Amino acid sequence: MRRSLKSCLFAVVLVGLVASVAAYFAAEKSLTLTVDGQSRLVTTYAGTAAEVLADEGLTPAAHDVVLPALGADVADGDTIVVNRARPLTLTVDGVRSEVFTTALSVDDALDELGYRTDQLQLSADRSERLPLDGMDLAITTSKDVRLVADGQERVVTTTAATAGDLLAEQGIALSATDRTSLYPAQPLLGGMVLRVTRVQVDEVTEVQTVDYETVETEDAEALEGERTVTQKGVEGARTTTWRVTVTDGVETGREQVSSEVTKKPVEEQVSVGTKPEPEPVAVAAGAPATADGLNWAALARCESGGRPNAVSASGTYRGMYQFSRATWAGVGGSGDPAAASVEEQTMRAQMLYSRSGAGQWGCGSRLFD
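Cut-offs and rules
- Residues numbered from 1 in each chain as written.
- Predicted model: local features only at pLDDT ≥ 70, side-chain atom pairs only at ≥ 80, totals over all residues.
- Heavy atoms only, no water.
- Helix = DSSP H or I, 4+ residues; strand = E, 2+ residues; numbered from the N terminus.
- Areas by Shrake-Rupley, 256 points an atom, 1.4 Å probe, with all protein chains shown as cover.
- Pairing = 2+ DSSP bridges.
- Axes fitted to C-alpha atoms, helices over the stretch in contact; angles between N-to-C directions.
- Phe/Tyr/Trp six-rings, centres within 6.5 Å; stacked < 30°, edge-to-face > 60°.
- Buried < 20%, exposed > 50% of the residue type's maximum accessible area, 1.4 Å probe, protein only.
- Lys NZ or Arg CZ within 6 Å of the ring centre and 35° of its normal.
- Core = buried A, V, L, I, M, F, W, Y, C linked by side-chain atoms within 4.5 Å.
- Arc of directions from axis to C-beta.
- Contact = heavy atoms within 4.5 Å.

Please give an account of the overall build of the protein that cites residues and values.
Within the protein, the regular secondary structure consists of seven helices and 18 strands. Of the roughly 21,600 Å² of accessible surface on the protein, a fraction of 51% belongs to carbon and sulfur atoms.

Okay, structure coming up:
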C-alpha cells in the first residue's frame, strides 16, 4: 500500500475516535437527587429516572413517591425526588389500622393524615422523626361522653382513650363489686354513655327470739284448776346471717348464709292440780254448819263473829273466814271475799284447809270443837 493511502486511512480512524469520545462526554449529565429531603449532586450517563436510582443503589418500594416517574427521561440539570414511605401502625380511639406515609416526623404524618387539631393525645412527641421501618402511633381525639355515676349525670369532654382512663381522669374509684356499662379497657367514642353502678355486698346478722315450751305435770295433791309454775320458762335466741346486696343504695338481693340457735330456750314447768274440789256445805246465813267433822260455824264465830261481810280494822282481812285478797285468789276466788255468798266463802275456806291445814287461821283450833 502506498504511503499516501495509509495516511488517509489513519486520518479517517482518528476522526471517528475523536467523534466517539466527544459523543461519550456529551452523554454525561449532572443531576440533583433528593431522598427524604436530603439532596446531593450525582453524575450519570443513565437515560431514565429508574436507571439513575438503580445506579445509586435505590430500589423504590410500592408506596414510595418518585418524581419524575421512573420511566421518564432525564436531562442534565434535572432533579429527581424520592420520598420513601414509612409503615405506620395507627390506633385512633382504639381502632387499629396500617397506613403508609412519606412524612418524616410525627407532626408531618398527623398533618398528612388529616389530624390537624392540637386537641389530641399522642403516644409519641410531635417532633419525633419517623424511622424508615415505621412505628406505632396511638391517637386519642377529644370526644363528648355522658358519664352517670354516684347520682350525677353529666357530659364530659375528654381525650381519655378508654372507659377506665376516663374514670381515673374524673377521680372515680371502683370497688371489686362495682359494675360499669363499658369494659374498663373499651375504647371511648363520641356519644357513648358510661354508667357506674355501685354494688355493695355485706353480711348482716339478725337475732330472733325462740319461744319456750310449756310442760304440764299433774299434781294429785292440788285441787282441780290450780296451776303452779315450778320452773319459769326462758326464751332462746336464733342468730341468722344474711348476705345482702345493695345496688345504688337499694337492697336488691338477700341470701341466707347460716342460721343456728345460739341460746336454747328453757321449758316452763307447770304443776296442774287434779284433786276434785270438795262439795260445798250448805249453811244458813251467819251460821255455817259443820262439814267433814269440822266445826266451820265455830271458826266463823271466832274469826268474824259469823258475819259474811266482816272487814278487819286494817282492811286486810275480809269475810266470815277473814281471807286476804291474795289468799282468796289463791283458792280460785275473785273480787272481794266479803262480797261473796256464805256458801262460796265456806267452800273456799274448805279448799284452803285441804291445801294448807288449820294453821291458816288464828282461830284454826276451833275447827275441832
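Explain the sheet that holds strand 2 (residues 38-44) to me, using residue names and the numbers behind them.
Strand order in the open sheet made by the four strands is 2-1-4-3, with mixed pairing throughout. Whereas interior strands pair on both sides, the edge strands pair on one side only; in this sheet they are strand 2 and strand 3 (65-67). Across this sheet, the average inter-strand angle for adjacent strands is 20 degrees, counted without regard to direction. Of the strand pairs in this sheet, strand 3 and strand 4 (residues 79-83) are connected by three bridges, and their pairing is antiparallel. Across the sheet, the residue bridging to valine 65 is asparagine 83, located in strand 4.

Just give me the short version of the packing of aromatic side chains, but keep the residues and values in it.
Ring pairs (aromatic) are described by centroid distance and by the angle formed between their planes. The tally for this structure, following the rule as stated, stands at four aromatic pairs. Seen in terms of ring centroids, tryptophan 296 and tyrosine 321 are 5.9 Å apart; in terms of plane orientation they differ by 85 degrees. Their pairing is edge-to-face. Of this pair, tryptophan 296 sits in helix 5 (residues 296-304) while tyrosine 321 sits in the loop between helix 5 and helix 6 (325-330), and the two are 25 residues apart along the sequence. A relative accessible area of 1% means that tryptophan 296 is categorised as buried. Overall, tyrosine 321 belongs to the buried group, its relative accessible area being 0%. By the ring-pair criterion, three or more aromatic residues cluster together here, those being Trp296, Tyr321, Tyr353 and Trp361. A cation sits over an aromatic face here: arginine 254 above tryptophan 242, 5.5 Å from the ring centre.

Which residues make up the nonpolar core, and what values go with them?
Judged by nonpolar contacts, the single largest core of 20 residues is most densely connected at Trp296, Leu299, Tyr321, Phe323, Ala349, Trp361 and Leu367. Broken down by secondary-structure element, the contributors of at least two residues to this core are helix 5 and helix 7 (342-356). Looking at this core element by element, the count peaks at five residues for helix 7. In this structure, Ala160, Ile172, Leu188 and Val196 belong to the second largest nonpolar core, which totals 14 residues.

Any chance you could break down the sheet that holds strand 8 (residues 135-141) for me, citing the residues and the numbers?
The strand order across the open sheet built from four strands is 6-5-8-7, with neighbouring strands paired in mixed fashion. Edge positions in the open sheet fall to strand 6 (95-101) and strand 7 (120-122), since each of these has one partner strand only. Neighbour to neighbour, the strand axes of the sheet diverge by 30 degrees on average, direction disregarded.

Outline helix 3 (residues 106-113), supporting the account with residue identities and numerical values.
Within helix 3, burial applies to Val106, Ala109 and Leu110. Looking straight down helix 3, one finds its buried side chains confined to an arc of 100 degrees; they lie on one side. Check the buried side of helix 3 and you find it contacts strand 5 (86-92), strand 6, strand 7 and strand 8. Phi turns positive, to about 95 degrees, at glycine 114, one or two residues after helix 3.

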